Amino acid sequence: MVAQWSQFDEVNVLASSANWAWPEAVRNIFKPRGVNLLMAEKTSDFVSIIASMRIHTAIVDVDAERPSGLATVKVIRLGYPRMPCILLTSRTDEDILGRALQLEAFGVVGKPVNMDILRELLNRLFVKKYNSNLFAR
């Protein structure tokens, strides 16, 4: 059996900011589980937040980041090669999926984001990487 996250541990997820309902929707997944959601607007924000605290996964919106979410993941990989990253994208074509594979993204979720699919992906990530069923139903 997979263990629940210890009540003494702090779980932090870093995600791209957005000017749509994304932050509130994702908070609905995290808040009931006691997960801290941090938001980053640009690549430098991702890097400074990751450098200052333990982040358990990064959710990067490929479309929202400038110059690109893929560039953000490349920069994250330079300093934190083992950081699990989930990509959100409006294009789930071969090019994006191939680039996500090269960057060793844990998963790619098409937009508009189905929150059940995102939660299930987070569950698989946390079971595999942290031996925790924090995101199980």
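Data block above holds the structure.
Treat the numbers as computed from the prediction; the structure is a model and nothing was measured.

1. Focus on the packing of aromatic side chains
Geometry of an aromatic ring pair is reported as the spacing of the ring centres plus the angle between the planes.
So, step 1. Within this structure, the stated rule accounts for three aromatic pairs.
So, step 2. Geometrically, the ring pair formed by phenylalanine 126 and tyrosine 130 is tilted, given 5.0 Å between the ring centres and 45 degrees between the ring planes. Taken as a pair, phenylalanine 126 and tyrosine 130 lie in helix H5 (residues 115-130) at a separation of four residues, close to a single helical turn.
So, step 3. Note on phenylalanine 126: relative accessible area 0%, which makes it buried.
So, step 4. Here tyrosine 130 falls in the buried class, since its relative accessible area comes to 17%.
So, step 5. Centre to centre, the rings of phenylalanine 126 and phenylalanine 135 are 5.0 Å apart; their planes meet at 65 degrees, and the pair counts as edge-to-face.

2. What to know about the packing of helix H2 (residues 43-52) against helix H3 (residues 69-79)
So, step 1. At a minimum axis distance of 9 Å, the contact between H2 and H3 shows a crossing angle of 30 degrees. On the basis of the axis angle, H2 is roughly parallel to H3. For the pair H2 and H3, the sense of crossing is right-handed. Two secondary-structure elements touch here, H2 through Thr43, Phe46, Val47 and Ile50 and H3 through Thr72, Val75 and Ile76.

3. Comments concerning the nonpolar core
So, step 1. Core analysis: the largest hydrophobic core is formed by 22 residues, its most contacted members being Trp22, Phe30, Ile59, Ile86, Leu118, Phe126 and Phe135.
So, step 2. If you list the elements that add at least two residues to this core, you get strand E1 (12-16), helix H1 (22-30), strand E4 (85-89) and H5.
So, step 3. In terms of residues, this core owes the most to one element, H5, which gives six residues.
So, step 4. Residues within four places of isoleucine 59 in sequence aside, it is in contact with Val13, Leu14, Ala15, Ser16, Trp22, Phe30, Phe46, Ile86, Leu88 and Leu118.

4. Examining the side chain of threonine 57
So, step 1. As for its placement among the helices and strands, threonine 57 is situated in strand E3 (residues 57-61).
So, step 2. The exposure class assigned to threonine 57 is buried, which follows from its relative accessible area of 0%.
So, step 3. Among the polar contacts made by the side chain of threonine 57, one reaches the main-chain carbonyl oxygen of proline 84 at a distance of 3.0 Å.

5. Let's talk about the side chain of threonine 89
So, step 1. Here threonine 89 is to be found in strand E4.
So, step 2. Residue class for threonine 89 comes out buried when judged on its relative accessible area of 0%.
So, step 3. Those residues in contact with threonine 89, other than ones at most four positions away along the chain, are Val62, Asp63, Ile96, Val108, Val109, Gly110 and Lys111.

6. Some remarks on the sheet that holds strand E5 (residues 107-110)
So, step 1. Ordered by their spatial adjacency, five strands build an open sheet running E2-E1-E3-E4-E5, and the pairing between neighbours is parallel. At either margin of the open sheet sits one strand with a lone partner, and together these are strand E2 (36-40) and E5. When strand polarity is set aside, the average angle formed by the axes of neighbouring strands in this sheet is 20 degrees.

7. Some details on the pattern of salt bridges
So, step 1. Tallying each qualifying case throughout the model produces eight salt bridges.
So, step 2. Linking arginine 91 and aspartate 93 is a salt bridge whose minimum nitrogen-to-oxygen distance equals 3.1 Å.
So, step 3. Given the relative accessible area of 31%, aspartate 93 is considered partly exposed.
So, step 4. One network of salt bridges, with partners in common, ties together Arg91, Asp93, Asp95 and Arg99.

Rules used throughout
- Residues numbered from 1 in each chain as written.
- Predicted model: local features only at pLDDT ≥ 70, side-chain atom pairs only at ≥ 80, totals over all residues.
- Heavy atoms only, no water.
- Phe/Tyr/Trp six-rings, centres within 6.5 Å; stacked < 30°, edge-to-face > 60°.
- Helix = DSSP H or I, 4+ residues; strand = E, 2+ residues; numbered from the N terminus.
- Buried < 20%, exposed > 50% of the residue type's maximum accessible area, 1.4 Å probe, protein only.
- Axes fitted to C-alpha atoms, helices over the stretch in contact; angles between N-to-C directions.
- Parallel < 35°, antiparallel > 145°, perpendicular 65-115°, else oblique.
- Left-handed = near helix turned anticlockwise from the far one by under 90°.
- Contact = heavy atoms within 4.5 Å.
- Core = buried A, V, L, I, M, F, W, Y, C linked by side-chain atoms within 4.5 Å.
- Polar contact = N/O pair within 3.5 Å; in protein donor to acceptor, adjacent residues only side chain to side chain.
- Pairing = 2+ DSSP bridges.
- Salt bridge = Lys/Arg side-chain N within 4 Å of Asp/Glu carboxyl O.

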